[in-house]
2 protein chains.
Amino acid sequence: MGKLDTSFIRRLVGENNVLDDPADLYIYGSDSSVHEALPWLVVRPQTVEQIQDLLRHANEKGIPIIPRGSGSGMCGQSVPIKGGIILDMKAMNRILEVNVKDGYCRCEPGVVDDDLNLALKPHGFFYPPTPASSRIATIGGEIANNASGVRSVKYGAAQDSVLGLKVVLANGDLVSFGATTRVSATGYPMEKLLVGSEGTLAVIVEATLRFVPIPKFRCLGVANFNDLDDAGNAISEIMASGCQPSMLELMDHVAITAVNKAMDLGLPDVAAILLFEADGMVKEAVDYEIDKAKIICEKHHGAGVELSYKEKDRTRIFSGRKKLFPALSKYKEFLSSTSLADDMAVPFSRMAQTARKIHEVADKHGIVMTAYGHCGAGCMHTKILMDTTKKEQWRAAEKAVAEIYEYVHAVGGTTSAEHGIGLSKAPAFKIEKQSTLALMREVKRAFDPNNIMNPGKLMDAPDNWVSATRLRYSTTE
Amino acid sequence: MGKLDTSFIRRLVGENNVLDDPADLYIYGSDSSVHEALPWLVVRPQTVEQIQDLLRHANEKGIPIIPRGSGSGMCGQSVPIKGGIILDMKAMNRILEVNVKDGYCRCEPGVVDDDLNLALKPHGFFYPPTPASSRIATIGGEIANNASGVRSVKYGAAQDSVLGLKVVLANGDLVSFGATTRVSATGYPMEKLLVGSEGTLAVIVEATLRFVPIPKFRCLGVANFNDLDDAGNAISEIMASGCQPSMLELMDHVAITAVNKAMDLGLPDVAAILLFEADGMVKEAVDYEIDKAKIICEKHHGAGVELSYKEKDRTRIFSGRKKLFPALSKYKEFLSSTSLADDMAVPFSRMAQTARKIHEVADKHGIVMTAYGHCGAGCMHTKILMDTTKKEQWRAAEKAVAEIYEYVHAVGGTTSAEHGIGLSKAPAFKIEKQSTLALMREVKRAFDPNNIMNPGKLMDAPDNWVSATRLRYSTTE
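Residues numbered from 1 in each chain as written. Chains lettered and ligands numbered in written order. Predicted model: local features only at pLDDT ≥ 70, side-chain atom pairs only at ≥ 80, totals over all residues. Heavy atoms only, no water.

Colleague: Teacher, can you tell me more about the overall build of chain A here?
Modeller: A count of helical and extended segments in chain A gives 18 helices and 21 strands. Scaling as 2.2 N^0.38, a compact globule of 477 residues should have a C-alpha radius of gyration of about 23 Å, and chain A matches this with 22 Å. Expressed as lengths along the three principal axes of its C-alpha atoms, the size of chain A is roughly 65 × 60 × 40 Å. Excluding contacts between residues fewer than 6 apart, the proportion of contacts in chain A whose partners are at least 24 apart in sequence is 73%. (Helix = DSSP H or I, 4+ residues; strand = E, 2+ residues; numbered from the N terminus. Rg over C-alpha atoms; globule rule 2.2 N^0.38 Å. Contact = heavy atoms within 4.5 Å.)

As structure tokens, then:
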């Protein structure tokens, strides 16, 4: 902390763009995870040159630099576990170019996802990796975490949309990776390596992105299942049939109950609901996919199947899923929703078993867990609902998280689908990727020899997430 | 060379799987590029364990290891510029798993592209990155070069299909990257970094790949243009319109003439032909896309537009494009087709200008060049047709290649679309990626500290491709 020359930094970015008030440091000390650790300083860079100068300074002095978007990360990716400077990138929010004739756009990392999509809409295009938090999530944060969202089953994740990146390296050098063209085989695809690197390799200062045409037609289907296994079998068969939904979502009984309590939507009291959508440029193509999914749902005892082509109906039906995350806190009095074991990816055929395992582990440990997610992409989300004031509930959560990831790995799944690793998922990540951790450390060293970029994360994170940082919750016992 | 303990290697892989006859070394000393350099030994590993043992040995002794598929690479990727051992991976050609219910397949690197697609076909799926050489190209080679092919405009390149890789590192360790699931945000996406790394980082021993449903309907359109600029404008407008062709191919006048001479197809004697295809699960979706492309072609003076839904007609129309590469050698007596400046990617709106620039540069230097390619993905191919017996033609080719890449970089293009860098494109690559070469070297060092993996390629290749190796052609003057 003594290393910090705040007067140099104030001169560099301007007095107004440096925050060191304890209240500000407190705000920037947490994100949407359970973690909390105070930065030494918050800097809001306005230009690439400021970032270059700041990184040269930090690299020389060994000061940790933690790039941060809107702080919607659920695993502590931007929590400054080693202190240092939080780089709040939100001021760098210009959309630099929408180049329709060449099929790409360029933007700064602080651009909010919805704003980018607003800029693309008049041209008939959209940027597909849209997380539920698209109203606040920044493009830089989405790239750093390989975010995706409800339509990843058809349109992929951030890594599928990134064509090129400009980044500032730890030594202050500004370099460009990738290209503007749809294909490129020009040496190591460094732009792809950066997607999901969680701020540990470099500071992203510009992204070149693909976009795709907005479909003219959509249809949303919903099916209710009295048995979770039936829903799981429907998911697996839909995907194996060659059906190409633009969305395929699972909600379990806990999720359904929470939504009903929070929103009074009157969802049926069943074991699982599947939401499936198809989109396309002609109605016949949408019908083809949606009918295929519908027939498979019905074959697996999906009841009350309803298909909605009208936007109003689709919005109403989907509103429960969309508001699920905040709704979860309404599930039961005194239970708070925590981002723990918050996402994972499992093979389609293991979706139902994984959901059942999650419920079983939760019951065993006296907590509540829900299973939902973008199942058509293998993505399963959950949350732990618990009385966060009780220490024993945290101990239960710790065991539950470990057991769930043990199961996920055993069935061939992976630790994160789209929320990243940060601190909370690092123990499971380190078990899963054991054989490559040393190599990942060497790759980080290649980019950042003095280890200033978001240190203490991913392969360098503590082995226990509970004790990794202070937790953002007070316990009374 | 004295380092080589051939008796150890013979014991390791078996006498029959080691080649050191001068005739064999000669064959493995070249690929489909202009380059030639003899290996010390050719080894045909049969198992992963043999590769691990061999790499441990090579790493200790500092022996170069050059993985090789079918040798269809056009830039010298598998030419052993520093000597060493060619690892012929073709014997490791098992398709290990076609897992339809979980949406992935696993195969060894020596599997031939067409064979993988034959295995997927009964399930209704295909593996999209299919180069023109799919009858011989191996999956390992395609991944190492981020290959794509005629349908990359809709289905992307190898990097879009690779979910996971098993690789043997230079130190002999066997490690797994990636996952089997459609999305994953589990730390650094090392599996993506390997795609396009041209054997310089590790030996790929297994790939986990996505596949996509085979469309039920296809339509191929063809349009003739008297002006290259009109064809270029049509390409750019088709892509900007949100049209989603499954193929969008350009053939210039040289390509048309060559095909007519070789195949007697009677293609019209025009400045350019565009081939455009749409595919889908319902005919209406195909009609929508194909009609959109047709109208845009006609708007830009595309004549004789013909649409073919029948496979027989599509095969006939496309046969000229499919056989273009061998046909080029028939363009004019004494002119041979060489893989020089063989591919590049440029923004859609620069496609026609780039083709014209290629012709202009060729004329200026007294050689013949053709421009064609998968323009919907920004991919432009060319070849230099020249009298390879004449030294002055090689000097002309050298100048032409440099001038063309200078232009490609100036208009925002990139050095390779899908053929990779190797040796021939390394000078242009090193200019384009100047600011990141040092970082790429550090990344290679992280994987391969003793620099045994395909050394002397990409960022470490010579600055002059003409003198980089012996050329595979005799000159008489």
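Next, the rest of the story.
Colleague: What am I meant to see in the sheet that holds strand 5 (residues 85-88) of chain B here?
Modeller: In a beta sheet, neighbouring strands pair by backbone hydrogen bonds and run either parallel or antiparallel. Residue and element names in this part refer to chain B. Strand order in the open sheet made by the four strands is 1-3-5-4, with mixed pairing throughout. Edge positions in the open sheet fall to strand 1 (18-19) and strand 4 (65-68), since each of these has one partner strand only. The sheet contacts of helix 1 (residues 6-13) involve strand 1, strand 3 (41-43) and strand 5, and relative to strand 3 the element is tilted by about 15°. Helix 3 (residues 48-61) contacts strand 3, strand 4 and strand 5 of the sheet and is inclined by roughly 165° relative to strand 5. (Pairing = 2+ DSSP bridges. Axes fitted to C-alpha atoms, helices over the stretch in contact; angles between N-to-C directions.)

Colleague: For this particular structure, what's the right way to read the interface of chain A and chain B?
Modeller: As a measure of interface size, the accessible area lost when the parts come together is often cited. The partner chain B presents 84 residues to the 84 residues of chain A that form the contact. When chain A packs against chain B, close to 6,300 Å² is buried across both sides, 64% of that on carbon and sulfur atoms. Here chain A and chain B share zero salt bridges between them. Remark: the boundary between chain A and chain B carries 24 residue pairs in polar contact (both at pLDDT 80 or more). Looking at the side of chain A that touches chain B, the elements that each hand over two or more residues are helix 6 (152-155), helix 7 (158-161), strand 10 (174-178), helix 8 (190-194), helix 9 (228-240), helix 11 (283-299), helix 16 (426-432) and helix 17 (437-447) of chain A. Considering every element that reaches the side of chain A that touches chain B, the biggest residue donor is helix 17 of chain A, with seven residues. Of the residues contributing to the side of chain A that touches chain B, the split by class is 40 nonpolar, 29 polar and 15 charged. (Buried area = accessible area lost by both parts, 1.4 Å probe. Salt bridge = Lys/Arg side-chain N within 4 Å of Asp/Glu carboxyl O. Polar contact = N/O pair within 3.5 Å; in protein donor to acceptor, adjacent residues only side chain to side chain. Nonpolar A, V, L, I, M, F, W, Y, C, P; charged D, E, K, R; others polar.)

Colleague: Can you help me understand helix 11 of chain A in this one?
Modeller: Residues spaced three or four apart along an α-helix face the same direction, because each turn holds 3.6 residues. Here helix 11 of chain A is 17 residues long and its end C-alpha atoms lie 24 Å apart, about the 24 Å a rise of 1.5 Å per residue gives. For helix 11 of chain A, the complete set of buried residues consists of A:Ala285, A:Val286, A:Asp287, A:Glu289, A:Ile290, A:Ala293, A:Ile296 and A:Cys297. Check the buried side of helix 11 of chain A and you find it contacts strand 13 (217-225), helix 9, strand 15 (272-280) and strand 16 (303-308) of chain A together with helix 11 (283-299) of chain B. With its phi angle positive at about 65°, A:His301 sits one or two positions after the end of helix 11 of chain A. (Expected span 1.5 Å × (residues − 1). Buried < 20%, exposed > 50% of the residue type's maximum accessible area, 1.4 Å probe, protein only.)

Colleague: So what exactly am I meant to see when it comes to the environment of B:Ala397 here?
Modeller: All names here are of chain B. Relative to the assigned elements, alanine 397 resides in helix 15 (residues 391-410). Given a relative accessible area of 0%, alanine 397 falls into the buried group. Between the C-alpha atom of alanine 397 and that of leucine 385, which follows or precedes it by twelve residues, the distance is 9.2 Å.

Colleague: Help me out: how do you make sense of the relation of the copies chain A and chain B in this one?
Modeller: There are two copies of the chain, and a rotation about an axis plus a shift along that axis relates them. For the pair chain A and chain B, the superposition axis carries a translation of 0.0 Å, the fit reaches an RMSD of 0.0 Å, and the rotation angle comes to 180°. Both copies of the chain, as the preceding transformation shows, are related through a two-fold rotation axis. (Least-squares fit on C-alpha atoms with pLDDT ≥ 70 in both.)

Colleague: Just to check I follow, could you spell out the side chain of B:Asp279 for this structure?
Modeller: Residue and element names in this part refer to chain B. Along the chain, aspartate 279 falls in strand 15 (residues 272-280). Since its relative accessible area comes to 4%, aspartate 279 is described here as buried. For aspartate 279, the side chain forms a polar contact with the side chain of lysine 154, separated by 2.5 Å. Not counting residues up to four positions away in its chain, the partners in contact with aspartate 279 are Lys154, Tyr155, Pro215, Phe217, Arg218, Ser246 and Val286.

Colleague: Sorry, what's going on with the packing of aromatic side chains here?
Modeller: Each aromatic ring pair is summarised here by two numbers: the centre-to-centre distance and the angle between the ring planes. Under the definition given, this model contains nine aromatic pairs over all chains. Taken together, the ring pairs connect A:Trp394, A:Trp465 and A:Tyr473 into an aromatic cluster. The residue whose ring lies beneath A:Lys261 is A:Tyr331, and the NZ or CZ to ring-centre distance is 5.8 Å. The ring of B:Tyr309 has B:Lys283 lying over it, and the distance from NZ or CZ to the ring centre is 4.5 Å. (Phe/Tyr/Trp six-rings, centres within 6.5 Å; stacked < 30°, edge-to-face > 60°. Lys NZ or Arg CZ within 6 Å of the ring centre and 35° of its normal.)

Colleague: Which parts of the structure should I look at to understand the sheet that holds strand 7 (residues 104-107) of chain B?
Modeller: Residues and elements named next belong to chain B. As summarised here, the arrangement of the five strands in space is 6-7-11-9-10, forming an open sheet in which the pairing is antiparallel. Because the sheet does not close on itself, it has two edges, and the strands there are strand 6 (95-99) and strand 10 (174-178). Pairwise comparison of adjacent strand axes, ignoring direction, gives a mean angle of 15° for this sheet. Across three bridges, strand 7 lies against strand 11 (residues 203-209) in antiparallel orientation.

Colleague: What should I look at first to understand the domain arrangement of chain A in this one?
Modeller: Residues and elements named next belong to chain A. Looking at the assigned domains, one finds that chain A contains domain 1 (6-88), domain 2 (95-213) and domain 3 (215-419 + 428-449). Of note, the centres of domain 1 and domain 3, computed from C-alpha atoms alone, are 33 Å apart. At the junction of the two partners, domain 1 supplies five residues and domain 3 supplies eight residues. Between domain 1 and domain 3, a total of about 550 Å² is buried, with carbon and sulfur atoms accounting for 63% of that surface. In terms of surface lost to domain 3, no three residues of domain 1 exceed Val34, Met74 and Cys75, which account for 79% of the buried area on that side. Run the count over domain 1 and domain 3 and you get zero salt bridges. There are two residue pairs in polar contact (both at pLDDT 80 or more) connecting domain 1 and domain 3. (Domains from an automatic or database assignment.)

Colleague: Hey, could you run me through the packing of helix 9 (residues 228-240) of chain B against helix 11 of chain B in this one?
Modeller: Residues and elements named next belong to chain B. Relative to each other, helix 9 and helix 11 sit at 145°, their axes nearing to 9 Å. Every pair of crossing elements has a handedness; the one defined by helix 9 and helix 11 is right-handed. Contacts between helix 9 and helix 11 pair Ala234, Glu237 and Ile238 from the former with Ala293, Ile296, Cys297 and Lys299 from the latter. (Left-handed = near helix turned anticlockwise from the far one by under 90°.)

Colleague: Help me out: how do you make sense of the pattern of salt bridges in this one?
Modeller: Pairing between side chains becomes possible if they bear opposite charge and their charged atoms approach one another. All chains considered together, the criterion is met by 60 salt bridges over all chains. Here B:Glu360 and B:Lys357 are joined by a salt bridge, their closest N and O atoms 3.7 Å apart. Residue B:Glu360 and its partner B:Lys357 are located together in helix 14 (residues 351-365), separated by three residues, close to a single helical turn. Since its relative accessible area comes to 48%, B:Glu360 is described here as partly exposed. Judged by relative accessible area, B:Lys357 falls into the partly exposed class, the value being 23%. Linking B:Lys430 and B:Asp463 is a salt bridge whose minimum nitrogen-to-oxygen distance equals 2.8 Å. A residue pair is termed long-range when its members are at least 10 positions apart, and B:Lys430 in helix 16 (residues 426-432) and B:Asp463 in the loop between helix 17 (437-447) and helix 18 (465-468) qualify at 33 residues. Judged by its relative accessible area of 13%, B:Lys430 is buried. Taken together, the salt bridges that share partners define one network made up of A:Arg151, A:Lys154, A:Arg218, A:Glu277 and A:Asp279.

Colleague: Looking at this structure, I do not really get the nonpolar core. What am I missing?
Modeller: It is characteristic of soluble globular proteins that their nonpolar side chains tend to be buried jointly. In terms of nonpolar packing, the biggest core is built from 87 residues, with A:Leu209, A:Phe447, B:Ile143, B:Leu209 and B:Phe447 touching the most fellow members. Ignoring sequence-local partners within four residues, the contact set of B:Leu209 consists of B:Gly103, B:Tyr104, B:Cys105, B:Cys107, B:Leu116, B:Tyr127, B:Ile139, B:Ile143, B:Ser161, B:Val162 and B:Leu163. Counting residues in each nonpolar core, the second largest holds 59 residues, with A:Ala345, A:Ala355, A:Cys379 and A:Met386 among its members. (Core = buried A, V, L, I, M, F, W, Y, C linked by side-chain atoms within 4.5 Å.)

Colleague: What's the story with the packing of helix 1 of chain B against helix 3 of chain B in this structure? I'm lost.
Modeller: A pair of packed helices is captured by two measures, namely the crossing angle of their axes and the spacing between those axes. All names here are of chain B. Interaxial distance between helix 1 and helix 3 falls to 10 Å at its minimum, and their mutual angle equals 165°. By the angle between their axes, helix 1 is roughly antiparallel relative to helix 3. Taken as a pair, helix 1 and helix 3 cross one another with a handedness that is right-handed. Only Gln50, Asp53, Leu54 and His57 of helix 3 make contact with helix 1, whose side of the interface consists of Phe8, Ile9, Leu12 and Val13. Here the contact of helix 1 with helix 3 is composed, by residue class, of five nonpolar, two polar and one charged. (Parallel < 35°, antiparallel > 145°, perpendicular 65-115°, else oblique.)

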